[in-house]
Amino acid sequence: MSEPDPQPFTRRDPYAALRYPEFVALICGSFLLTGALMIQQIALAYELYLVTRDPLSLGLIGLAEAVPFIALALFGGHVADRFDKRRIMQLALLVMLIASAVLALFAWTPLRERLSQTAWLWLVYAMIGVLGFARGFYSPAMASLRPFLVPRAIYGNSATWSGTFWQAAAILGPVAGGIAYAALGLTGSLIVVMALIVSVQVLLLRIRPRPVSPDPAGLQTVWASLREGLGYVRRTPIILYAITLDMLTVLFGGVVAILPIFAEDILEVGPEGLGVLRAAPAVGALLTIIACTWWPPLEKAWRNMLLAVLGFGVATLVFAVSELWWLSIAALFMTGVFDSVSVVIRNTIMQTTPPDHLRGRVQAVNSIFISASNEIGAFESGLAARLMGTVPSVVFGGVVTIGIVGDVWRRSKALLAVNLTDGR
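Residues numbered from 1 in each chain as written. Predicted model: local features only at pLDDT ≥ 70, side-chain atom pairs only at ≥ 80, totals over all residues. Heavy atoms only, no water.

Regarding the overall build of the chain
1) Next: Helix and strand counts for the chain come out as 14 helices and 0 strands.
2) Next: The 424 residues of the chain split such that 58% are buried.
3) Next: In the chain, of all internal contacts separated by at least 6 residues, the share reaching a separation of at least 24 is 87%.
4) Next: Looking at the chain as shown, the accessible area adds up to about 17000 Å², and 68% of this sits on carbon and sulfur atoms. (Helix = DSSP H or I, 4+ residues; strand = E, 2+ residues; numbered from the N terminus. Buried < 20%, exposed > 50% of the residue type's maximum accessible area, 1.4 Å probe, protein only. Contact = heavy atoms within 4.5 Å. Areas by Shrake-Rupley, 256 points an atom, 1.4 Å probe, with all protein chains shown as cover.)

Put into structure tokens, the structure is as follows:
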């Protein structure tokens, strides 16, 4: 891998990765795109719940995005390992822009009134599916490009700053989404999303194309290439356990998809309150990740990860039983605190462990697991809320999360001594 030209930094420099302009351009683009998708998700989720009053309609948002993403992400990783990663990202953003434009057009009242409610819902889910298709190529390309923009010695620092910018977007995006929906409606919110996607395209122009890393195995068929990536993940316990732990806990313990129900029916705080609820985990995560730039949780990393996920499960239980506005916000804040520790450790593992020629495919597997936890988890949350009731479904998820931590700890005791400090 061709590393960037060395820049002056010290081992304890918390801003080391920010001294590389291309890396800054990449994470600023990630910030804007994450914010755009959050705004879009908040606006669509609230609109769909007002129209249908059905928790399952919220779960179907996640499923509509997850199915094409999961189906294509591994192939997207293969493509990222074979072609110019920046160009892949640019094409994927173009597809996202088109899908958002279609959503904005048919959210406009004169056109929307020409469709039945069922037809409009199918159109929304179809465009969300197109976004999932584009993310199936964008995510592995972006994640596998990031290690090429900084030296290996500061991979941990770059993972922390990547998480910081993502969490900042996860804070501002939901708040902006709630405000934009209340002030501009669905169409106006989607126009804001389109403007942000265009801004990401501009930022990508500041990143030089990188040569494709040679594959020691030589030219392979697509299926052989995909099997190689999957086989590496299966043979590498720290990667396999890290992404599995994250997937299962968020799959069962996540509550994001059904927050509109809490905002509208339980806490009665409206769309602006939904934005605050959605932002609360990200506020906790952002503050914790900033702290991690000074005190990285990479020594005894696996122990720290298990403790963080355990805390996530406990905070989820508190949120489930709370009927107080301030306590609900505090519990969600703590889910973000605990989740951010897990994110920093997992991102560092994903940057330091895979060889260069496999990065795209390994990151694609990671993206599939993340999507399964987030989008399919959203479907599971909506379905469970419909079958069990909103509060019992969240209690169930918190209990399952705690049980998963115990089982993974039992299976992964050999990893408790892992030290990821400075990429080792």
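Some words on the packing of aromatic side chains
1) Next: Under the defined criterion, the tally for this structure stands at 4 aromatic pairs.
2) Next: With a centroid separation of 6.5 Å and an interplanar angle of 70°, the aromatic rings of Trp161 and Phe165 are classed as edge-to-face. Here the residue Trp161 and the residue Phe165 both occupy positions in helix H6 (residues 155–204), the gap between them amounting to 4 residues, near one helical turn.
3) Next: A connected cluster of aromatic rings, assembled from ring pairs, spans Tyr15, Trp161 and Phe165.
4) Next: A cation over a ring is seen here: Arg135 above Phe69, with NZ or CZ 4.4 Å from the ring centre. (Phe/Tyr/Trp six-rings, centres within 6.5 Å; stacked < 30°, edge-to-face > 60°. Lys NZ or Arg CZ within 6 Å of the ring centre and 35° of its normal.)

A word on a nonpolar patch on the surface
1) Next: A surface patch of nonpolar side chains, about 300 Å² in accessible area, is lined by Leu307, Leu310, Val314 and Val318.
2) Next: Along the chain, the position of Leu310 falls in helix H11 (residues 301–321). (Patch = residues over 30% accessible without salt bridge, like charges linked within 9 Å, V, L, I, M, F, W, Y side chains within 5 Å. Salt bridge = Lys/Arg side-chain N within 4 Å of Asp/Glu carboxyl O.)

Observations concerning the side chain of Ser158
1) Next: You can see Ser158 is positioned in helix H6.
2) Next: In this structure Ser158 touches Ala17, Phe23, Val150 and Gln351, once residues within four positions along its chain are discounted.

Some points on the nonpolar core
1) Next: Phe23, Met89, Leu93, Met96, Tyr138, Leu186 and Phe319 are the most contacted members of the largest nonpolar core, which has 73 residues in total.
2) Next: Considering each element in turn, this core owes the most residues, 14 residues, to helix H1 (residues 21–52).
3) Next: Counting residues in hydrophobic clusters, the runner-up holds 29 residues, among them Leu298, Trp302, Ile349 and Ile404. (Core = buried A, V, L, I, M, F, W, Y, C linked by side-chain atoms within 4.5 Å.)

Side note on the environment of Val283
1) Next: Counting through the fold element by element, Val283 comes out in helix H10 (residues 270–294).
2) Next: Between the C-alpha atoms of Val283 and Ala170, which are 113 residues apart in sequence, the distance is 8.1 Å.
3) Next: Setting aside anything within four residues of it in sequence, one finds Val283 in contact with Ile171 and Phe333.

Looking at the packing of H11 against helix H12 (residues 325–352)
1) Next: Running from amino to carboxyl end, H11 crosses H12 at an angle of 160°, the nearest separation of the two axes being 8 Å. By the angle between their axes, H11 is roughly antiparallel relative to H12. Viewed along their axes, H11 and H12 form a crossing whose handedness is left-handed. The segment H11 lies against H12, with Ala301, Asn304, Met305, Ala308, Val309, Gly311, Phe312, Ala315, Thr316, Val318 and Phe319 engaging Leu327, Ser328, Ala331, Leu332, Met334, Thr335, Phe338, Asp339, Val341, Ser342, Ile345 and Arg346. (Axes fitted to C-alpha atoms, helices over the stretch in contact; angles between N-to-C directions. Parallel < 35°, antiparallel > 145°, perpendicular 65-115°, else oblique. Left-handed = near helix turned anticlockwise from the far one by under 90°.)

Observations regarding the pattern of salt bridges
1) Next: One pass over the full model with this rule turns up 4 salt bridges.
2) Next: In this structure, the salt-bridge partner of Asp407 is Arg410, at a minimum N-O distance of 2.8 Å. Of this pair, Asp407 and Arg410 both sit in helix H14 (residues 390–411), separated by 3 residues, roughly a single helical turn.
3) Next: Exposure remark for Asp407: the relative accessible area of 31% places this residue in the partly exposed category.
4) Next: Between Asp407 and Arg411 there is a salt bridge; the shortest N-O distance is 2.9 Å. A residue pair is termed a helical-turn pair when its members lie 3 or 4 positions apart in one helix, as Asp407 and Arg411 do in helix H14 at 4 residues.
5) Next: One salt-bridge network, in which partners are shared between bridges, spans Asp407, Arg410 and Arg411.

Here we look at H14
1) Next: For H14, which comprises 22 residues, the first-to-last C-alpha distance of 32 Å matches the rise-based estimate of 32 Å (1.5 Å per residue) to within 8%.
2) Next: For H14, the full list of buried residues reads Thr390, Ser393, Val394, Gly397, Gly398, Thr401, Ile404, Val405 and Val408. Viewed end-on, H14 has its buried residues packed into an arc of 140°, placing them on one side of the element. (Expected span 1.5 Å × (residues − 1). Arc of directions from axis to C-beta.)

Regarding the environment of Leu415
1) Next: As for its placement among the helices and strands, Leu415 is situated in the segment after H14.
2) Next: Taking the relative accessible area as the measure of exposure, Leu415 reaches 12% and is therefore buried.
3) Next: For Leu415 and Arg303, which are 112 residues apart along the polypeptide, the C-alpha to C-alpha distance reads 8.1 Å.
4) Next: Contact partners of Leu415, with chain neighbours within four places excluded, come to Pro237, Ile238, Tyr241 and Trp302.

Some points on the side chain of Gln90
1) Next: For Gln90, the position within the fold is in helix H3 (residues 85–107).
2) Next: The buried category is assigned to Gln90, whose relative accessible area is 13%.
3) Next: Excluding its chain neighbours within four sequence positions, the residues that come into contact with Gln90 are Gln201, Leu204 and Leu205.

Things to note about the confidence of the model for the chain
1) Next: Across the chain, the average pLDDT comes to 79, with 86% of residues at 70 or higher.
2) Next: When mean pLDDT is compared element by element in the chain, H3 scores highest at 92, while helix H13 (residues 359–388) scores lowest at 69.
3) Next: Counting contacts from residues 5–10, a segment whose pLDDT is below 50, to residues more than four positions away or on other chains yields 10 contacts. (pLDDT = per-residue confidence, 0-100.)

Side note on the packing of H3 against H6
1) Next: H6 packs onto H3 with a crossing angle of 165° between their chain directions and a minimal axis gap of 9 Å. Between H3 and H6, the interaxial angle falls into the category roughly antiparallel. The handedness of the crossing between H3 and H6 comes out as left-handed. Residues Arg86, Met89, Gln90, Leu93, Leu94, Met96, Leu97, Ser100, Ala101, Leu103, Ala104 and Ala107 of H3 form the contact with H6, whose participating residues are Leu186, Thr187, Leu190, Val193, Met194, Ile197, Val198, Val200, Gln201 and Leu204.
2) Next: Split by residue class, the contact of H3 with H6 holds 17 nonpolar, 4 polar and 1 charged. (Nonpolar A, V, L, I, M, F, W, Y, C, P; charged D, E, K, R; others polar.)

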